[in-house]
Amino acid sequence: SAVISQKPSRDICQRGTSLTIQCQVDSQVTMMFWYRQQPGQSLTLIATANQGSEATYESGFVIDKFPISRPNLTFSTLTVSNMSPEDSSIYLCSVVHGYEQYFGPGTRLTVT
Amino acid sequence: QKEVEQNSGPLSVPEGAIASLNCTYSDRGSQSFFWYRQYSGKSPELIMSIYSNGDKEDGRFTAQLNKASQYVSLLIRDSQPSDSATYLCAVKPPGNTGKLIFGQGTTLQVKP
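This one's a predicted model, so the numbers in the text were calculated from it and none came from an experiment. (Residues numbered from 1 in each chain as written. Chains lettered and ligands numbered in written order. Predicted model: local features only at pLDDT ≥ 70, side-chain atom pairs only at ≥ 80, totals over all residues. Heavy atoms only, no water.)

1. Things to note about unusual backbone geometry
For clarity, the threshold we go by: Runs of E in the DSSP output that reach at least two residues are strands. Runs of H or I that reach at least four are helices, and both are numbered from the N terminus.
Following Lys7 of chain A, the chain continues to Pro8 of chain A via a peptide bond in cis, the omega torsion being -10°. Here Pro8 of chain A is to be found in the loop between strand E1 (4–7) and strand E2 (10–13). Here Gly9 of chain B and Pro10 of chain B are connected by a cis peptide whose omega angle stands at 10°. With respect to the helices and strands, Pro10 of chain B occurs in the loop between strand E1 (4–6) and strand E2 (11–14). Here Asn82 of chain A, not a glycine, exhibits a phi torsion of approximately 45°, which is positive.

2. Here's the deal with empty space enclosed by the protein
Residues and elements named next belong to chain B. Test applied: Grid spacing is 1 Å over the protein atoms alone, the probe is 1.4 Å, and a cavity is where that probe fits but cannot get out, while a pocket is an open set with protein on both sides within 12 Å along at least five of seven lines and lining residues have an atom within 4 Å of a point. Grid points are joined across faces, edges and corners, and a volume is the space filled by probe spheres set on the points. Three classes are used: nonpolar for Ala, Val, Leu, Ile, Met, Phe, Trp, Tyr, Cys and Pro, charged for Asp, Glu, Lys and Arg, and polar for all others, with Gly counted as polar.
Scanning the entire structure with this criterion turns up one cavity of 30 Å³ or more. By volume, the largest cavity is sized at about 50 Å³. Along its surface, the largest cavity is lined by Glu3, Val4, Tyr25, Ser26, Asp27, Ser30, Val91, Pro93 and Ile101. Along the lines of polarity and charge, the residues of the lining of the largest cavity split into five nonpolar, two polar and two charged.

3. A few points about the interface of chain A and chain B
For clarity, the cut-off: The contact rule is simple, with two residues in contact once any of their heavy atoms fall within 4.5 Å. The term buried area denotes the loss of accessible surface (1.4 Å probe radius) that occurs when two parts are joined, taken as the sum for both partners. Whenever Lys or Arg places a side-chain nitrogen within 4 Å of a carboxyl oxygen from Asp or Glu, that contact is recorded as a salt bridge.
At the junction of the two partners, chain A supplies 19 residues and chain B supplies 18 residues. Between chain A and chain B, roughly 1400 Å² of surface is buried when both sides are summed, and carbon and sulfur atoms account for 52% of that area. Counting across the interface, chain A meets chain B through one salt bridge. For Lys99 of chain B, the salt bridge identified is with Glu58 of chain A, shortest N-O distance 3.0 Å. When residues of the side of chain A that touches chain B are traced back to their parent elements, those giving at least two are strand E4 (32–37), strand E5 (43–49), strand E9 (89–97) and strand E10 (100–103) of chain A. If one sorts the elements of the side of chain A that touches chain B by residue count, E10 of chain A sits on top with four residues. Residues of the side of chain A that touches chain B, tallied by class, amount to eleven nonpolar, five polar and three charged.

4. Comments concerning the side chain of Ser79 of chain B
All names here are of chain B. Quick reminder of the rule: For the purposes of these results, a polar contact is taken to be a pair of N or O atoms within 3.5 Å, where, inside protein, one atom must be able to donate a hydrogen and its partner to accept one; residues adjacent in sequence count only when each atom of the pair is a side-chain atom.
Along the chain, Ser79 turns up in the loop between strand E8 (71–76) and strand E9 (85–92). A polar atom in the side chain of Ser79 sits 3.4 Å from the backbone oxygen of Ile76. Setting aside chain neighbours within four positions, we find Ser79 in contact with Val13, Pro14, Glu15, Gly16, Ala17, Ile18, Ala19, Arg60 and Val110.

5. Considering the packing of aromatic side chains
The description of an aromatic ring pair uses the distance of the two centres, along with the angle that the planes make with each other. To keep things clear, this is the line we draw: Each Phe, Tyr or Trp ring, with Trp reduced to its six-membered ring, pairs with another whose centre is within 6.5 Å; inter-plane angles below 30 degrees give stacked pairs, above 60 give edge-to-face pairs, and intermediate values give tilted ones. Three exposure classes are used, based on accessible area relative to the maximum for each residue type with a 1.4 Å probe and protein chains only: buried under 20%, partly exposed in between, and exposed over 50%.
Overall, the coordinates contain ten aromatic pairs over all chains when judged by the stated rule. When the ring of Phe66 of chain A is compared with that of Tyr91 of chain A, the centres are 6.5 Å apart and the planes differ by 40°; the resulting orientation is tilted. Residue Phe66 of chain A is located in the loop between strand E6 (56–57) and strand E7 (68–72), and its partner Tyr91 of chain A is located in strand E9; the two are separated by 25 residues in the primary sequence. Residue classification places Phe66 of chain A among the buried residues on the basis of a relative accessible area of 3%. Taking 5.6 Å as the distance between ring centres and 50° as the angle between the ring planes, the aromatic pair formed by Tyr36 of chain B and Phe102 of chain B counts as tilted. With Tyr36 of chain B in strand E4 (residues 32–38) and Phe102 of chain B in strand E10 (residues 101–102), this residue pair connects regions lying 66 residues apart in the sequence.

6. Section: the pairing of strand E11 (residues 107–111) of chain A
Residue and element names in this part refer to chain A. Our working rule: DSSP-based pairing: two strands are paired if at least 2 bridges between them are found.
A one-sided burial pattern is seen for E11, the buried positions being Thr107, Leu109 and Val111 and the unburied ones Arg108 and Thr110. Both E9 and E11 contribute to a ladder of three bridges, which runs antiparallel. In the sheet register, Tyr91 faces E11, and the bridge partner there is Thr107.

7. Thoughts on the sheet that holds E7 of chain A
All names here are of chain A. Formally: Angles shown run from 0 to 180 degrees and are taken between the N-to-C directions of axes, each axis being a line fitted to C-alpha atoms and, for helices, limited to the stretch in contact.
As summarised here, the arrangement of the four strands in space is E1-E3-E8-E7, forming an open sheet in which the pairing is antiparallel. Looking at which strands have only one partner, the edges of the open sheet turn out to be E1 and E7. With strand direction ignored, the average angle separating the axes of adjacent strands in the sheet is 15°. Where E1 meets strand E3 (residues 19–25), four bridges bridge the pair, whose relative direction is antiparallel. Paired with Ile4 across the two strands is Val25, which belongs to E3.

8. Considering the pairing of E4 of chain B
Residue and element names in this part refer to chain B. For E4, the buried fraction is high: seven of the seven residues fall into the buried class. Of the strand pairs in this sheet, E4 and E9 are connected by seven bridges, and their pairing is antiparallel. Paired with Gln38 across the two strands is Thr86, which belongs to E9. With five bridges connecting them, E4 and strand E5 (residues 45–50) associate as antiparallel partners. In the strand pairing of E5, Tyr36 is matched with Leu46. What sits between the antiparallel neighbours E4 and E5 is a turn of six residues, in which Gly41 has the positive phi angle 80°.

Next up, the structure:
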């Protein structure tokens with residue numbers, strides 16, 4: 001499996017600010033995703049991070065709120081913009097390696 | 001109808017017993033199915049994948065797939081307290097997007 005790291009591991013942010021989360025993989029991967037896990041809930045896909053092109057967003061998620069960059073096959077960022085308390089969640093990046101999908105350790109975000 | 005359904009539990013079993021976790025899915029064209037284990041405060045960890053009808057065994061874990069009934073299950077034999085976690089069923093819908101749809105997860109409690 002791929003080794004995935006995320007930074008920061010956690011943060012407490014004020015309402016109205018933005019936070020950029022980084023995801024680094026130890027090998028080149030074609031498919032990379034960003035998920036959100038709200039407290040007590042399952043995982044919801046935010047978007048597919050496409051290398052060299054705009055991300056593909058799922059229903060209910062928009063680029064202005066969650067801009068994503070994917071400059072190469074080992075790195076991606078997710079920005080949570082103009083945060084509100086409802087954005088308090090764990091944000092996870094994942095990659096497909098072989099036929100299987102693996103998750104990073106997550107970023108726990110609290111918005112006050 | 002949710003796309004992937006699981007009983008949220010908690011499912012409580014005594015140590016040494018067999019734990020049976022179930023999952024149904026709505027898209028009949030789905031071909032790939034996964035079980036993830038998530039400990040509290042941690043990210044999901046892939047424990048089993050299954051692609052064809054029947055059983056697939058890996059140590060104490062057995063995944064079962066019945067595509068006609070649109071049903072996936074995970075059996076954990078000789079359950080241990082360390083198996084106490086939330087188990088997430090994930091289904092890859094038809095197509096080449098790579099994304100997964102997750103069920104709500106079943107919380108398993110193994111009592112010593």
